[in-house]
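Chain by chain, the residues:
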Amino acid sequence: MNKHWFRNYKLLNLDEIDSTNSEAIRLAKTGIMGNHIILAKRQTSGRGRNNKYWHSCDGNLYFSLLLDIDAQTSNEPQLSIVTGLAVYETIKFVAKKSFAKLDCKLKWPNDILIGDKKLSGILLESINVITNKPKLQKKYLIIGVGINVITNPTDIHRECTNLLKEGIIIKDLQQLLFIFMNYFEKYFIKWHDADFSSIRKSWLEKAYKLNHPVIIDKISGTFVGIDFAGRLNVKLESGKVLTLSEAEVIYK
Ligand code: BTN
């Protein structure tokens, strides 16, 4: 394990693991102290949202942040928004370096799209652990990120893309992670300083299909934004606005 590879994060660099999120959960259960990054070249059981499989062959970026975070201060929907922005900025940064013009968008809660195609996904999980010495309850937050760098799944119901296909060559995956960490730190500090309103504004400027019709659980409405907790706002035909922290959103 590298001592403080990025600021106060230690790096665990693996060739193969079932899932970097699962490894982070296992580390959390040991009561480990401090923040960690678990990076893997490939995953044998990569996990997506709603128990979906995340295709994880060699050449793409798979990592999880294990945040040793105070239970009182953690706010998962907001940190999902923070992470989405950091991935967005990372993609824009590498695109600029490759002179590639990308229509990059953030789809609530945590997909990063190029046009209508999925490039990256984020999986947030949390775990409470009771430690023995000293006896206290700790909460860890796990932020798993997958970015399609040279390949993407072709056998799933939705269209995907990868950076190479979009004209961006990444020579060093660890360098890509480092770029992400710089943006994550920038937004995390803002979030920590209770400046979620500027984060929210920035996210909304990059939102996929804002003010477009959507369907959620067979209910039709319009995606009108996110609230100050990072939750989805959908306006129904009656004028009522629904606030949801979890939902499968279908854009018409
Ligand atoms: C999604 O869009 O459904 C979320 C996908 C998250 C995938 C990443 S890859 C690294 C980390 N480890 C996992 O098993 N999943 C996340």
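Basis of the calculations
- Numbers given to residues run from 1 along each chain, matching the order in which its sequence is written.
- Predicted model: local features are reported for residues with pLDDT of at least 70 only, side-chain atom pairs are reported and counted for 80 or more only, and whole-chain, interface and lining totals are derived from all residues.
- As a convention, hydrogens and water are excluded, and side-chain values are obtained from all of the structure's heavy atoms.
- Counting from the N terminus, the helices are the DSSP runs of H or I reaching at least four residues and the strands are the DSSP runs of E reaching at least two.
- Burial status follows relative accessibility: with a 1.4 Å probe on protein chains alone, a residue under 20% of its type maximum counts as buried, one over 50% as exposed, and anything between as partly exposed.
- Pairing between strands requires that DSSP locate at least two bridges from one strand to the other.
- Lines are fitted to the C-alpha atoms to define the axes, a helix being fitted only along its stretch in contact, and any angle between axes, read from their N-to-C directions, falls within 0 to 180 degrees.
- In this entry, domain limits derive from an automatic or database-based domain assignment.
- Residue contacts are counted whenever heavy atoms from the two residues lie within 4.5 Å of one another.
- Throughout, buried area stands for the accessible area (probe radius 1.4 Å) lost by two parts on being put together, summed over both.
- When a carboxyl oxygen of Asp or Glu lies within 4 Å of a side-chain nitrogen of Lys or Arg, that pair is called a salt bridge.

1. Topic: unusual backbone geometry
So, step 1. In this model, W108 is joined to P109 through a cis peptide bond whose omega is 5°.
So, step 2. One can find P109 in the loop between β5 (104–107) and β6 (111–114).
So, step 3. Despite not being glycine, N51 shows a phi value in the positive range, around 60°.
So, step 4. Considering the arrangement of structural elements, one finds N51 in the loop between β3 (35–43) and β4 (61–69).
So, step 5. Overall, the relative accessible area of 75% leaves N51 in the exposed class.
So, step 6. One non-glycine residue, F99, lies in positive phi territory at about 55°.
So, step 7. For F99, the position within the fold is in the loop between α2 (76–97) and β5.
So, step 8. Looking at F99, the relative accessible area reads 79%, which means it is exposed.

2. Let's talk about the pairing of β5
So, step 1. Pairing between β5 and β6: four bridges, direction antiparallel. Each residue of the ladder has a partner; that of K107, found in β6, is D111.
So, step 2. Where β5 folds back onto β6 in an antiparallel hairpin, the turn is made up of three residues.

3. Quick notes on the sheet that holds strand β12 (residues 241–244)
So, step 1. The strand order across the open sheet built from five strands is β12-β11-β10-β9-β13, with neighbouring strands paired in antiparallel fashion. Of all the strands in the sheet, the pair left with one neighbour each is β12 and β13 (249–251). Neighbour-to-neighbour, the strand axes of this sheet turn through a mean angle of 45°, independent of strand direction.
So, step 2. Bridge count for strand β9 (residues 213–216) against β13 is three bridges, and the pairing is antiparallel. Looking at the pairing, I216 lines up with V249 of β13.

4. Digging into the pairing of strand β8 (residues 136–147)
So, step 1. The element β8 is extensively covered by neighbouring structure, given that 10 of its 12 residues are classed as buried.
So, step 2. Summarising the sheet, strand β7 (residues 117–131) and β8 pair through 12 bridges and their orientation is antiparallel. Along β8, the bridge assignment pairs E125 with I142.
So, step 3. Hairpin connection of β7 to β8: four residues between the antiparallel strands.

5. Section: the domain arrangement of the protein
So, step 1. If you check the domain split of the protein, you get domain 1 (4–205) and domain 2 (213–251).
So, step 2. Distance from the C-alpha centre of domain 1 to the C-alpha centre of domain 2: 24 Å.
So, step 3. Residue-level contacts link 14 residues of domain 1 with 16 residues of domain 2.
So, step 4. The contact between domain 1 and domain 2 buries some 1,200 Å² in all, and 61% of this surface belongs to carbon and sulfur atoms.
So, step 5. At the boundary of domain 1 and domain 2, one finds zero salt bridges.
So, step 6. Of all the secondary-structure elements, those providing two or more residues to the side of domain 1 that touches domain 2 are α2 and α4 (196–205).
So, step 7. No other element matches the five residues that α4 contributes to the side of domain 1 that touches domain 2.

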